[in-house]
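# Chains, contacts and geometry: an overview
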Amino acid sequence: MMEALTPFVAPFIVMNAVLGIVTYVTLLERKFAARMQSRIGPYRVGPHGLLQPIADAIKLMMKEDVVPTKADRPIYNLAPIVFVLPCMFIFATIPFAPGLGVADLNIGVLFFLAVSAMEIVGLFMAGWGSNNKYALLSAMRAVNQVISYDLPFIFAALTPVLLAGSLKLSDIAAAQAGGAWFIFYPVIGQLAFIAFIVSTVAAENRAPFDILEAESELVAGFRVEYSGMKFALIQLGEYAHIIGSSFLGALLFLGAWAGPGPEWLGPIWFLTKALFMFLVVTWVRWSFVRIRVDQILALSWKVLLPFTLLLLVATAIVVVWRGPGV
Amino acid sequence: MSDVQTAADVRVLHDKSRRTGTEVSVIVRAILGAMRITFKNLFRKPVTVHYPEKPRTYPDRYRGLLALVYEEDTGEEACIGCRLCEFVCPPAVIKVEMLKSEKRNYAKAFTLELYACEFCELCVQVCPTDAIVMMKSFDMPTADRREMLLDKDRLHAIGQQYPRSWATGNKLRDMQGPPKMARTEHAAAPQAPQAPQAPEGAAQ
Amino acid sequence: MTTVSTTRQELDYAGSERLTMNMGPQHPSAHGVFRAILQLEGETVVGVDAVIGYLHRCHEKLAETLTYAQYPSIASKTDYVAAMTSEFAYVMAAETIGKIEVPRRAQYLRVITSELQRVASHLLWLGTWCLDMGGALGGGATIFLYTIRERETILDLFESLVGARLLYGFYQVGGVRYDIPDGWAATCRDTMAVIDQRIGEYERMLEENPFFLVRTQGVGVISRDLAEDVGISGPLLRGSGVAFDLRRAAPYSSYEDFEFNVPVETAGDCFARYRVRMVEFRESLRIVRQALDKLPEGPISSRPGLKSVAQTRIPKGETYARVEGARGEVGCYLVADGSAKPYRMKWRGASYSNLAVLPHVIPGHKVADVVAIMGSVDPVFGEVDR
């Protein structure tokens, strides 16, 4: 019986760790954003607001679950689950330390990118099932935006794959050992990193590309009819996706667990780098107004996609030219 | 003359309007500049005041809660029940009943509906005996609106409890110049007001 | 519900599926209570029906029941963001009919407070406009909090002058009610220096920002002909190339003593209106500095202090008094009949006339542009509905 349970132990631990990180990352974002706006964030709940995420979680669990009368029940009820599952799956292939991960697949990067693109299904289900014009409008925008930004995201993520020569995430991390992080790779590394950040921000519907949940126009977009635990699941999924992409970015570009100090400090460094990427995304979020959906799509198709495509081709040329073993 | 702008007109006007350069360096510099400003703000002190642990500083003329006061020399109620405040109040929240007496009149009943009060200070301005004044505080949170229907005792209690604002009826009327000076421009400064409230000199 | 009027059938959209969406009176960016019934084709708006009246509080009837001494405090509540402007129009109308002179010191004080109100109102405009465009959780909120932080310093100035932060009762027929206390001028200058510097920061954050530019340039273009036809005023008019400012065209309250520029832009889009208001910031601060330097001595009111409610009687007559408010021309048409209360008072709300331009400008734009355009029109619904 114990042997039957062993495969479940690692995912269980990882999921709980992810949930914990995601909850406290919301607090981090609120405090960081507050300081940028000359105010303090949550302060009263627990010392300096440290218990605020727990209070929020309890509140959401206790809220009444309001379902609109004319909502399409099966789709409406399933949408949060369909949304949150891919956002949790992406943590399956990320190695948190050499040998410490749930499943270090040979096609790690491919799995990550493919599964993270599945959340759009849940998003659209939520928008459609709510029987609400605002939600529908938001879902239509979402389909446009997420699909068109997944492509540059994939190409930007493939650049380190080419440089490392493998889709396996631990191989990519090992290829950056010794301080040769891919972000330091001349020209290609920095450009790929910038493209990665921009497409991450857009593919996750963060400002300035958060047109689909534009609070001032669509009042929470596709989430507008959800309350209580379903809303909590959607929030969880969104932040998990952001953190997952931050982990991926830290692994692809910032050397994953490489850092000074003993070996067991590796996961701590990894977490720090992921949080650094998250803070950069947050910093961008709180600095800019959003742009319109047709401008977002123009940016993606006319600028970012050709740019990342050319970058990928250039990387391929460089890799071949420098010969094998690089 | 365009009564309604058709979509074609919108597109024409759209194209004629200015565009900035789309050079990459301009865009990058602008984005980084904006992010630098928010970053700089990260290190500025937050402007939050930790109310109610830290009290808020009120200026001298603050229009806070209303109160009735006693005369300083005799200790008697200053209100003579003349009902001028009742007549001047724009939302008509004051109700006064006069009680006649030999030497002077009093207010038999004085109610003020604080929940409808505008805090415009007109009642303070018309009071001939400086009886009704405003306090330098607005701290009266309550869960029941009926507690904000102030009767005479509560008004007197508020008058003892908080510091008073600067304004009284006589001071406000004196600030607007004695009647003799009306209709003459560039007149000398009025003599009546107390020293700290003298009109501002030109060079400051 | 009314249907879209027939003029809009000229739009060249082969409308396959039209969606009627209600940007209802409760909306985070309706700038108050405003209902816009949008007809959408996909993301493009093809028709707008504006429904107002949710904030009607019978000001004009109230003015018939309140005397000239009582009403200025209530007049603040029409344009509650720049409250002094409304009081100014009412009081000026009464003074014009009654041929009451206002002492020079009172005129200068009125100018100082009007211009400080303009700065405070534009700060709120900038904050809420960026909030609409950037979202309550996003860059817009950052700029909103910065401008509100600056606006608080101006409101502190008003608090030490009048005692109230938002709705004053500063004006009265014949002058003003309060004189400036000691040290107020110095604090005012310090505050203005800080605001000047911070406005520079906002300009740097926004002006070359490609996200902001792409949202505002070419959006909501009001052509010069349309502007002159529909009867808008204020920064909307000046952003469309018409150089009309009441402080220049019909100077009141010694505005002719001050040197200031009136910004005019010709593009007519949201960015032009933004530039007009940003320059108006600096010009208003310039006027306040000049007024503080040249502030004359003297009484602050030509009428004695209020002793009874019916003290001010205005003889028979009627007039229309106009003031250049932060949003445009605020006017008060007053008919006096010799008693202490007006016979009839009518407000011309600047935002009410400015809103009339929306059905002409919005069709053809996307939904996201609706909030950008409404923000740049800067309505305050106390003025619209009165």
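Note that the structure is a prediction, hence the values are computed from the model and not measured.

### A short note on the confidence of the model for chain C
A residue-level look at chain C finds 94% of positions with pLDDT of 70 or above and a mean pLDDT of 85. Taken together, the stretch residues 1-13 of chain C has pLDDT below 50 and engages in 27 contacts with residues farther than four places along the chain or on a different chain.

### Notes on the pattern of salt bridges
Residue and element names in this part refer to chain C. Following the criterion strictly, the structure yields 42 salt bridges over all chains and no others. Across the salt bridge formed by Glu 203 and Arg 282, the nearest N and O atoms sit 3.2 Å from each other. Taken together, the positions of Glu 203 in helix H6 (residues 184-206) and Arg 282 in helix H11 (residues 270-293) put the pair 79 residues apart, joining distant regions of the chain. Taken together, the shared-partner salt bridges connect Glu 115, Arg 118, Arg 238, Asp 245, Arg 247, Glu 280 and Glu 324 into one network.

### Considering the packing of aromatic side chains
The relative placement of two aromatic rings is captured by the distance of their centres and the angle of their planes. Residue and element names in this part refer to chain A. Counting across every chain of the model gives 32 aromatic pairs over all chains. Both rings, one in Phe 247 and one in Phe 270, keep their centres 5.2 Å apart while their planes meet at 80°; by these two values the pair is edge-to-face. On the criterion of sequence distance, the pair formed by Phe 247 in helix H10 (residues 229-253) and Phe 270 in helix H11 (residues 266-285) is long-range, its members being 23 residues apart. This pair shows no difference in class: Phe 247 is buried, exactly as Phe 270 is.

### With respect to the interface of chain A and chain B
Each partner contributes residues to the interface: chain A has 14 residues there, and chain B has 13 residues. Together, the buried faces of chain A and chain B total about 1,300 Å²; carbon and sulfur atoms form 64% of this surface. Taking the shortest distance from any N to any O, the salt bridge between Arg44(A) and Glu53(B) comes out at 2.9 Å. If you look at where chain A meets chain B, you find six residue pairs in polar contact (both at pLDDT 80 or more). For the side of chain A that touches chain B, the elements supplying multiple residues, two or more each, are helix H1 (2-36) and H11 of chain A. Taken together, the residues of the side of chain A that touches chain B sort by class into eight nonpolar, three polar and three charged.

### Quick word on the nonpolar core
Grouped together as the largest cluster of nonpolar side chains are 223 residues, with contacts concentrated most on Phe91(A) and Phe110(B). Residue contributions to this core peak at 13 residues, all from helix H4 (residues 104-134) of chain C. In this view, Phe91(A) contacts Val14(A), Val18(A), Phe96(A), Val102(A), Ala240(A), Ile243(A), Gly244(A) and Phe247(A); residues no more than four positions away in its chain are not counted. Judged by nonpolar contacts, the second largest core, of 13 residues, contains Ala71(A), Val146(A), Phe222(A) and Ile234(A).

### Here we look at the environment of Lys61(C)
All names here are of chain C. Looking at the element boundaries, Lys 61 is found in helix H1 (residues 59-65). The class of Lys 61 is exposed, set by a relative accessible area of 52%. For the pair Lys 61 and Ser 73, spaced 12 residues apart in sequence, the C-alpha separation works out to 15 Å.

### Considerations on the environment of Gln217(C)
Tracing the chain through its elements places Gln217(C) in the loop between helix H7 (210-216) and helix H8 (224-230). With 17 residues separating them in the primary sequence, Gln217(C) and Gly200(C) have C-alpha atoms 20 Å apart.

### Details of helix H3 (residues 73-89) of chain A
All names here are of chain A. Here H3 is 17 residues long and its end C-alpha atoms lie 25 Å apart, about the 24 Å a rise of 1.5 Å per residue gives. At Ala 79, H3 shows its maximal kink, close to 35°; a proline, Pro 80, follows between one and four residues later. Within the sequence span of H3, burial applies to Tyr 76, Ala 79, Pro 80, Phe 83, Val 84, Pro 86, Cys 87 and Met 88.

### Some points on the sheet that holds strand S3 (residues 106-113) of chain B
All names here are of chain B. One open sheet holds the three strands; their spatial order is S2-S3-S5, and the pairing between them is antiparallel. The sheet is open, and its two borders are formed by strand S2 (94-99) and strand S5 (149-150), each paired with just one other strand. Pairing analysis gives two bridges linking S3 to S5, with the strands arranged antiparallel. Bridging across to S5, Leu 112 finds its partner in Leu 150. Helix H5 (residues 152-161) contacts S3 and S5 of the sheet and is inclined by roughly 80° relative to S3.

### Quick look at empty space enclosed by the protein
With the rule as written, the count across this model stands at eight cavities of 30 Å³ or more. Of the voids in this model, the largest cavity is the one considered here, and its volume is about 130 Å³. What lines the largest cavity is a set of 16 residues, among which Ala69(C), Gln172(C), Val173(C), Leu306(C) and Thr312(C) lie closest to the centre. Of all the secondary-structure elements, those providing two or more residues to the lining of the largest cavity are helix H4 (122-126) of chain B together with helix H2 (71-75) and strand S4 (171-172) of chain C. In terms of residue class, the lining of the largest cavity is made up of eight nonpolar, six polar and two charged.

### Quick word on the packing of H4(C) against helix H14 (residues 367-377) of chain C
All names here are of chain C. Orientation of H4 relative to H14, taken along the N-to-C sense of each, is 175°, at an axis distance of 9 Å. On the basis of the axis angle, H4 is roughly antiparallel to H14. Facing Trp 125, Trp 129, Asp 132 and Met 133 of H4, the residues of H14 in contact are Val 371, Ala 372, Gly 375 and Ser 376.

### Here's the deal with H14(C)
Residues and elements named next belong to chain C. Extensive coverage of H14 is indicated by the burial of 11 of its 11 residues. Those residues of H14 lying buried are Val 367, Ala 368, Asp 369, Val 370, Val 371, Ala 372, Ile 373, Met 374, Gly 375, Ser 376 and Val 377. Immediately beyond the C-terminal end of H14, within one or two residues, lies Asp 378, with a positive phi of roughly 55°.

### So, the pairing of S2(B)
All names here are of chain B. Of the pairings in the sheet, the one linking S2 to S3 comprises six bridges and is antiparallel in character. Paired with Ile 94 across the bridge in S3 is Leu 112. Connecting S2 to the next strand, S3, in antiparallel fashion are six residues.

### Topic: a nonpolar patch on the surface
Residues and elements named next belong to chain A. Together, Tyr 24, Val 45, Leu 50, Leu 51, Ile 54, Ile 58, Met 61, Met 62 and Met 229 make up an exposed nonpolar region whose accessible area comes to about 840 Å². With four residues, helix H2 (residues 52-62) is the single largest residue contributor to the nonpolar patch. Judged by relative accessible area, which is 67%, Met 62 ranks as exposed.

### A closer look at unusual backbone geometry
In this model, Glu121(B) sits at a positive phi of 70°, which is unusual for a non-glycine residue. Counting through the fold element by element, Glu121(B) comes out in the loop between S3 and H4. Positioned with a positive phi, Arg386(C) is a non-glycine residue whose angle comes to about 50°.

Procedures and definitions
- Residues numbered from 1 in each chain as written.
- Chains lettered and ligands numbered in written order.
- Predicted model: local features only at pLDDT ≥ 70, side-chain atom pairs only at ≥ 80, totals over all residues.
- Heavy atoms only, no water.
- pLDDT = per-residue confidence, 0-100.
- Contact = heavy atoms within 4.5 Å.
- Salt bridge = Lys/Arg side-chain N within 4 Å of Asp/Glu carboxyl O.
- Helix = DSSP H or I, 4+ residues; strand = E, 2+ residues; numbered from the N terminus.
- Phe/Tyr/Trp six-rings, centres within 6.5 Å; stacked < 30°, edge-to-face > 60°.
- Buried < 20%, exposed > 50% of the residue type's maximum accessible area, 1.4 Å probe, protein only.
- Buried area = accessible area lost by both parts, 1.4 Å probe.
- Polar contact = N/O pair within 3.5 Å; in protein donor to acceptor, adjacent residues only side chain to side chain.
- Nonpolar A, V, L, I, M, F, W, Y, C, P; charged D, E, K, R; others polar.
- Core = buried A, V, L, I, M, F, W, Y, C linked by side-chain atoms within 4.5 Å.
- Expected span 1.5 Å × (residues − 1).
- Bend = angle between axes of the 7 residues up to and from the residue.
- Pairing = 2+ DSSP bridges.
- Axes fitted to C-alpha atoms, helices over the stretch in contact; angles between N-to-C directions.
- 1 Å grid on protein atoms, 1.4 Å probe; cavity = no way out; pocket = protein on both sides within 12 Å on 5 of 7 lines; lining within 4 Å.
- Points joined across faces, edges and corners; volume = space filled by probe spheres on them.
- Parallel < 35°, antiparallel > 145°, perpendicular 65-115°, else oblique.
- Patch = residues over 30% accessible without salt bridge, like charges linked within 9 Å, V, L, I, M, F, W, Y side chains within 5 Å.
- Areas by Shrake-Rupley, 256 points an atom, 1.4 Å probe, with all protein chains shown as cover.

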